[in-house]
Amino acid sequence: MPELPEVENVRRDLEALVVGRTIDRVEVRLARIVRTPPDPRVFEALLAGHRIQGVGRRGKYLLFEIPPYTLVSHLRMEGQYRLVRAGEPEAPHTHVVFHLDGGEELRYRDVRQFGTMDLVPPGGELPKGLAELGPEPFDPALDHGAFRRRFHHRTAPIKAVLLDQTCIAGLGNIYVDEALFLVGIHPATPAHRLRPAQAEALLAAIRDVLTRAIAAGGSSVRSYVNGYGRHGGFQMALHVYGREGEPCRRCGTAIEKLRVAGRGTHVCPRCQPQPRRSRRAGQRGARV
DNA sequence: CATGGGTCCTGAGTGC
DNA sequence: TGCACTCAGGACCCAT
């Protein structure tokens with residue numbers, strides 16, 4: 001499940017691999033991947049003959065700059081890009097192929113078919129999710145006060161709020177669980193109950209874990225590989241995610257798996273004490 | 001408006 | 001061994 005660190009690694013790889021390359025031809029094999037324009041034949045036709053000038057990222061979105069267009073690509077759960085020589089055997093679940101100059105192909109594969117591509121014309125509307133994205137975690141303008149103001153009125157569990165991309169961009173299930181562990185906050189804690197000091201520590205923890213994960217090449221807990229097809233290394237450093245039943249690296253207590261915000265959620269019951277019960281919220285999270 | 005639940009999809013894992 | 005079933009989850013849609 002590519003989150004910000006994984007998408008950033010893919011971005012860097014693609015930047016090195018495809019910037020400056022011209023798209024000769026595009027093949028969309030699975031129409032559902034391309035959301036806009038609605039006709040995938042139009043998507044193919046518009047991109048042909050244009051040069052990839054840059055690869056950016058915003059939250060979990062990849063932004064291919066292909067003047068005059070921006071190709072917005074979201075990997076969702078299992079989307080992958082690989083640059084290969086034309087004629088190399090094709091991996092199953094390859095849904096979009098960009099034939100580049102020089103006899104190479106940029107192939108998009110996606111087992112779950114959840115990924116999306118939107119081709120934005122000049123002056124065109126950005127896809128909704130991108131347009132409504134919250135600030136980047138590393139945005140210097142996002143100080144702890146601004147961060148807290150984004151959720152201090154919300155009663156939903158802090159985990160649900162952090163997963164909400166309009167609150168802050170780029171976090172997913174892995175790094176939310178990790179950041180909350182690092183600051184000893186239970187994921188079911190209603191967001192508005194966080195003390196200012198806790199919010200400040202949480203923002204610092206988010207930045208810390210994302211920075212280390214990017215440097216380690218991301219986490220390969222499922223199917224993630226970077227633009228070269230290589231796995232990340234940060235899964236070895238995870239404290240709670242995917243460690244149900246294993247001892248907490250800090251206190252030795254067995255990590256527990258709960259359900260919060262409809263998601264599998266990992267906590268150390270000792271390092272992250274349950275929020276006190278209130279009449280409105282709290283104490284959600286039945287054991288799985 | 002905020003919130004939570006259902007939905008999409010396929011392969012891995014589980015239990016009988 | 002084989003099969004039915006559940007689970008994984010990001011973003012989006014919808015009902016409350």
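Computed from a predicted structure; not experimentally measured.

About the criteria used
- Residues numbered from 1 in each chain as written.
- Chains lettered and ligands numbered in written order.
- Predicted model: local features only at pLDDT ≥ 70, side-chain atom pairs only at ≥ 80, totals over all residues.
- Heavy atoms only, no water.
- Near = heavy atom within 4 Å.
- Polar contact = N/O pair within 3.5 Å; in protein donor to acceptor, adjacent residues only side chain to side chain.
- Helix = DSSP H or I, 4+ residues; strand = E, 2+ residues; numbered from the N terminus.
- Nonpolar A, V, L, I, M, F, W, Y, C, P; charged D, E, K, R; others polar.
- Buried < 20%, exposed > 50% of the residue type's maximum accessible area, 1.4 Å probe, protein only.
- Pairing = 2+ DSSP bridges.
- Axes fitted to C-alpha atoms, helices over the stretch in contact; angles between N-to-C directions.
- Contact = heavy atoms within 4.5 Å.

**A look at the protein's contact with DNA strand C**
What surrounds DNA strand C is a group of 18 residues, the closest being H74, R112, F114, R259 and R263. Here DNA strand C approaches the protein such that, of its atoms within 4 Å, sugar and phosphate make up 64%. With respect to DNA strand C, the side chain of R76 contributes an N or O atom lying 3.2 Å from a base nitrogen. Within the side chain of Y241, one N or O atom sits 2.9 Å away from a phosphate oxygen of DNA strand C. Listing elements by their share of the surface near DNA strand C, those giving two or more residues are strand 10 (256-260) and strand 11 (263-267). Tallied by class, the residues present in the surface near DNA strand C amount to five nonpolar, five polar and eight charged.

**Details of the pairing of strand 8 (residues 104-109)**
A large share of strand 8 lies buried, amounting to five of its six residues. Direction of pairing for strand 6 (residues 80-85) relative to strand 8: antiparallel, over a ladder of six bridges. Across the sheet, V84 pairs through a bridge with E105, a residue of strand 8. The pairing of strand 7 (residues 94-100) with strand 8 spans six bridges and is antiparallel. Bridging across to strand 8, V96 finds its partner in Y108. With antiparallel pairing between neighbouring strands as the criterion, strand 7 and strand 8 make up a hairpin whose turn holds three residues, including G102 at a positive phi of roughly 85 degrees.

**Looking at the sheet that holds strand 6**
Strand order across the open sheet formed by four strands is 1-7-8-6, with antiparallel pairing between neighbours. Every other strand in the sheet has two partners, leaving strand 1 (23-28) and strand 6 as the edge strands with one partner each. If you compare each strand with its neighbour and ignore which way they point, the axes differ by 20 degrees on average. Sheet contacts for helix 1 (residues 4-18): strand 6, strand 7 and strand 8; angle to strand 6, the most-contacted strand, approximately 25 degrees. Here helix 2 (residues 40-47) sits on the sheet in contact with strand 1 and strand 7, set at roughly 170 degrees to strand 1.

Distances and angles like these do not, on their own, reveal function.
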